[in-house]
Amino acid sequence: MSRTVIRGGLVITAAEEMHADVLVEGEQVVALAATGSDAAGAWTADRLIDATGLYVIPGGVDAHTHMQLPFGGTEASDTFETGTRAAAFGGTTTIVDFAVQSVGSSLRAGLDAWHEKAAGVCAVDYGFHMIMADVNESSLKEMDLLVGEGVTSFKLFMAYPGVFYSDDGKILRAMQHGAANGGLVMMHAENGIAIDVLVAQALAAGHTDPRYHGEVRRELLEAEATHRAIKLAQVAGSPLYVVHVSAASAVAELAKARDEGLPVFGETCPQYLYLSTDNLAEPGFEGAKYVCSTPLRPREHQAALWRGLRTDDLQVVSTDHCPFCFAGQKELGRGDFSKIPNGLPGVENRMDLLHQAVLDGHLTRRRWIEIACAAPARMFGLYPRKGTVAPGADADLVVYDPAAEQTVSAATHHMNVDYSAYEGRRLTGRARTVLSRGTVVVDDGVYLGRPGHGRYQQRTTCQYL
């Protein structure tokens, strides 16, 4: 069994910071000892990694990605191979993607199809949530079976009528089942029925540019749906996790519910923290690059999101990584914003954007690790195997250079998409060496991993309940 020692770094977890050496045997962390101590000095190793002046952090856990997702007549441009390789370059060593049930089909068929896409090609470890597009007696029974197999979270949509949409009755039934079997319901909270009316009215008035995507998906319709989802969960006695929260008023609904002691959780994404409707309104058709749902909001919403992350009214930052190339994919919506495929690339940028937030004073270093590594691992039943640096944990480790400067660009990123949502943004901080279960997969900008190293992760139920 190979032994690796990472020496001299500042180990940062959600709980503490310490100058310590880390001993890895095979795929696991087996010991930490104070740098310079007799215990650390006695360790022998096949590989020594010098982390002097650098951080040693857990590999990131991105709990919301969409590799190879069919959407809007096309498919997300990152495969599980390219997307997980890009994740590794960005210091993320576990993703949880979404298997999709098609209307009229079974959960099992959807899950099997996603297993087939991911098997043998992933650079880092992966798990699955299950999108429920067809809530009926059969799929509700399947929920119980999937929880037993380690698929312990189920996403429902209040948006996208005719595609993923579930009405309140179906949502309530799924929540009741989740309350009984331990499955966590994840909610896309937007009032899709009302949004479709506004879309039709905007197009009829000749408003076809990308910026209208943000204008019709009103903040109030996110807040209303968030409120309704909370009340349905309350009726069901169920926990609730609201995905990609973008609006200040939606954060307020979550905060109020949590103040009442309800098991309600929220996630936001880097695009809502750093981008805004200004991007959607970029001239020509450039705004199409920034079309995602929930949509980007006016810049003044960002303060509420940062505050929610500091106060723990938002617990997780995921990417909702769902890339579509500008050429040939986003362009499907020229002349009709409603036909622009919804989604942004970001799986490679998340850890660095959040480190920049530490430097900018929005977050502490430990909170950075909490929202990017530990909390998603706990939320989705992967902790303490993932999300921390501790004996017994998988050796998913990042030697992180907090002083490295970079300029984000499609010319240098590894995601399989022809633009960057953060093009030209200067960031300080970058992963130098990335280990996945003890294997170095990225070192100093060079990919050393291989397709198929990444392993499927069965998950336990939410550890916050």
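Up top is the structure.
Note that the structure is predicted; figures quoted are calculated from it, not measured.

Basis of the calculations
- Residues numbered from 1 in each chain as written.
- Predicted model: local features only at pLDDT ≥ 70, side-chain atom pairs only at ≥ 80, totals over all residues.
- Heavy atoms only, no water.
- Pairing = 2+ DSSP bridges.
- Helix = DSSP H or I, 4+ residues; strand = E, 2+ residues; numbered from the N terminus.
- Contact = heavy atoms within 4.5 Å.
- Axes fitted to C-alpha atoms, helices over the stretch in contact; angles between N-to-C directions.
- Expected span 1.5 Å × (residues − 1).
- Buried < 20%, exposed > 50% of the residue type's maximum accessible area, 1.4 Å probe, protein only.
- Arc of directions from axis to C-beta.

## Structural notes on the sheet that holds strand 9 (residues 92–100)
For step 1, the next point in the chain: Within the open sheet, the eight strands sit side by side as 6-9-10-11-12-13-14-15. Their pairing is parallel. The outermost strands of the open sheet, each flanked by one partner alone, are strand 6 (60–65) and strand 15 (316–317).
For step 2, the next point in the chain: The sheet contact formed by strand 9 and strand 10 (residues 125–131) spans seven bridges and is parallel. When the sheet's bridge partners are listed, Val96 is paired in strand 10 with Gly127.
For step 3, the next point in the chain: Its contacts with the sheet put helix 3 (residues 107–118) on strand 9, strand 10 and strand 11 (153–157), and the angle it makes with strand 10 is roughly 155 degrees.

## Side note on helix 9 (residues 248–259)
For step 1, the next point in the chain: In a regular helix each residue adds 1.5 Å, so 12 residues correspond to 16 Å; helix 9 covers 16 Å between its end C-alpha atoms and thus fits that length.
For step 2, the next point in the chain: Those residues of helix 9 that sit buried are Ala250, Val251, Leu254, Ala255 and Ala257. One side of helix 9 carries all its buried residues, which in axial view fall inside an arc of 165 degrees.
For step 3, the next point in the chain: The elements touched by buried residues of helix 9 are helix 8 (219–236), strand 13 (240–242), strand 14 (264–268) and helix 12 (302–311).
For step 4, the next point in the chain: Phi turns positive, to about 85 degrees, at Gly261, one or two residues after helix 9.

## Observations concerning the environment of Ala20
For step 1, the next point in the chain: Structurally, the position occupied by Ala20 is in strand 2 (residues 17–25).
For step 2, the next point in the chain: Once the C-alpha coordinates of Ala20 and Ala51 are considered, the two residues, 31 residues apart in sequence, prove to be 9.9 Å apart.
For step 3, the next point in the chain: Ala20 has contacts with Ile6, Gly8, Gly9, Val11, Ala33, Ala34 and Thr35, leaving out every residue within four places of it along the chain.

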